[in-house]
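One-letter residues, chain by chain:
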Amino acid sequence: MILTCQEDISAPIERVFSRLTDFTRFERAIETRGGDVTRHAGPPDTPAPGMAWTIRLHFHGAHREIEAELTDYAPPSAMCLGAASSGLGAEGRIELAALAEELTRLSVAIDLGPKTLGGRVLMQTLKLARGKLAEEMEAGLARFARRIEAEAAG
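Participant: How do you make sense of the sheet that holds strand β5 (residues 78-85) when you look at a structure like this?
Facilitator: Strand pairs in the sheet, formed through backbone hydrogen bonds, run parallel or antiparallel to each other. With antiparallel pairing, 7 strands are arranged side by side in an open sheet as β1-β7-β6-β5-β4-β3-β2. With partners counted over all chains shown, the strands left at the sheet margins are β1 (2-9) and β2 (36-41), one partner each. Strand-to-strand twist in this sheet, taken as the mean axis angle between neighbours without regard to direction, amounts to 20°. In terms of strand pairing, β5 meets strand β6 (residues 88-100) through 8 bridges, oriented antiparallel. Bridging across to β6, Ala78 finds its partner in Glu95.

And the structure:
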């Protein structure tokens, strides 16, 4: 199952990419919400393929453990993250395009697939909730875009 969305952001592509690759900030955000993040590989301030994390969090009534890795890194236009959890695998592709000097299009595609029989059952549930998942993804991306714009403005 592939979920996609895009958002135009009133900020230069370099600023948007820099914010997207501020992994320390994302780690703190997960921890603030009660999760636990352990970075296994990669220097803290220099993103590069091979960076890896174990993320433990409570999601939809269950404890989840996610193994994630930065698999592709092409500043300032693209990056790809792979993840696995509870019988599911995911690949997230993030692409940026400069539409103008101060306007960037952010496109996100997440490809989810089962790895086990339990994962197949979970995928069926996710497919039934696809519309809601897409709405939540779009709303989250829009919130993220507005925060970047606010940071760029002041």
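Picking up after the structure, the text goes on.
Participant: For this particular structure, what's the right way to read the environment of Arg33?
Facilitator: Considering the arrangement of structural elements, one finds Arg33 in the loop between α2 (23-32) and β2. Overall, Arg33 belongs to the exposed group, its relative accessible area being 69%. At a separation of 3.1 Å, a polar atom in the side chain of Arg33 contacts the main-chain carbonyl oxygen of Ala29.

Participant: I'm lost on the pattern of salt bridges in this one. Help?
Facilitator: In a structure, side chains of opposite charge can pair up when their charged atoms sit close to one another. Overall, the coordinates contain 11 salt bridges when judged by the stated rule. The partner of Glu65 in a salt bridge is Arg56, with the nearest N and O atoms 3.2 Å apart. Lys132 is the salt-bridge partner of Glu136, the closest N and O atoms lying 3.3 Å from each other. In this pair, Glu136 and Lys132 are both assigned in helix α4 (residues 130-153), 4 residues apart and thus about one turn of the helix distant. Salt bridges sharing common partners tie together Glu7, Arg146 and Glu149.

Participant: Explain α4 here, please?
Facilitator: The α-helix winds at 3.6 residues per turn, so residues separated by three or four positions along the chain end up facing the same way. Spanning 24 residues, α4 covers 34 Å between terminal C-alpha atoms, matching the ideal 34 Å at 1.5 Å per step. Listed in full, the buried residues belonging to α4 are Met137, Leu141, Phe144, Ala145, Ile148 and Glu149. Tucked inside the fold, the buried residues of α4 contact β1, α1 (13-20), α2 and β7 (103-114).

Participant: So what exactly am I meant to see when it comes to the side chain of Glu7 here?
Facilitator: Along the chain, Glu7 falls in strand β1. A polar contact of 2.8 Å, which involves the side chain of Glu7, links it to the side chain of Arg146.

Participant: Is there a simple way to explain the pairing of strand β3 (residues 52-59) in this structure?
Facilitator: As a general feature of sheets, a regular strand has side chains that alternate between the two faces. Two elements, β2 and β3, share 5 bridges in a ladder whose sense is antiparallel. The residue of β3 that forms the bridge with Asp36 is Arg56. Direction of pairing for β3 relative to strand β4 (residues 62-74): antiparallel, over a ladder of 8 bridges. Within β4, the residue paired with Ala52 across the bridge is Glu69.

Participant: What am I meant to see in the nonpolar core here?
Facilitator: Counting residues in hydrophobic clusters, the biggest one holds 25 residues, and the most contacted among them are Ile9, Val16, Leu20, Trp53, Leu96, Leu106 and Val108. When contributions to this core are tallied by element, the ones reaching two or more residues are β1, α1, β3, β4, β6, β7 and α4. The element best represented in this core is α4, accounting for 5 residues. With residues up to four places along the chain from it excluded, the contact list for Val16 reads Ile9, Ala11, Leu96, Thr104 and Ile148. Met1, Leu112, Met123 and Leu126 belong to the second-largest nonpolar core, a separate cluster that totals 5 residues.

Cut-off values and rules
Residues numbered from 1 in each chain as written. Predicted model: local features only at pLDDT ≥ 70, side-chain atom pairs only at ≥ 80, totals over all residues. Heavy atoms only, no water. Pairing = 2+ DSSP bridges. Helix = DSSP H or I, 4+ residues; strand = E, 2+ residues; numbered from the N terminus. Axes fitted to C-alpha atoms, helices over the stretch in contact; angles between N-to-C directions. Buried < 20%, exposed > 50% of the residue type's maximum accessible area, 1.4 Å probe, protein only. Polar contact = N/O pair within 3.5 Å; in protein donor to acceptor, adjacent residues only side chain to side chain. Salt bridge = Lys/Arg side-chain N within 4 Å of Asp/Glu carboxyl O. Expected span 1.5 Å × (residues − 1). Contact = heavy atoms within 4.5 Å. Core = buried A, V, L, I, M, F, W, Y, C linked by side-chain atoms within 4.5 Å.

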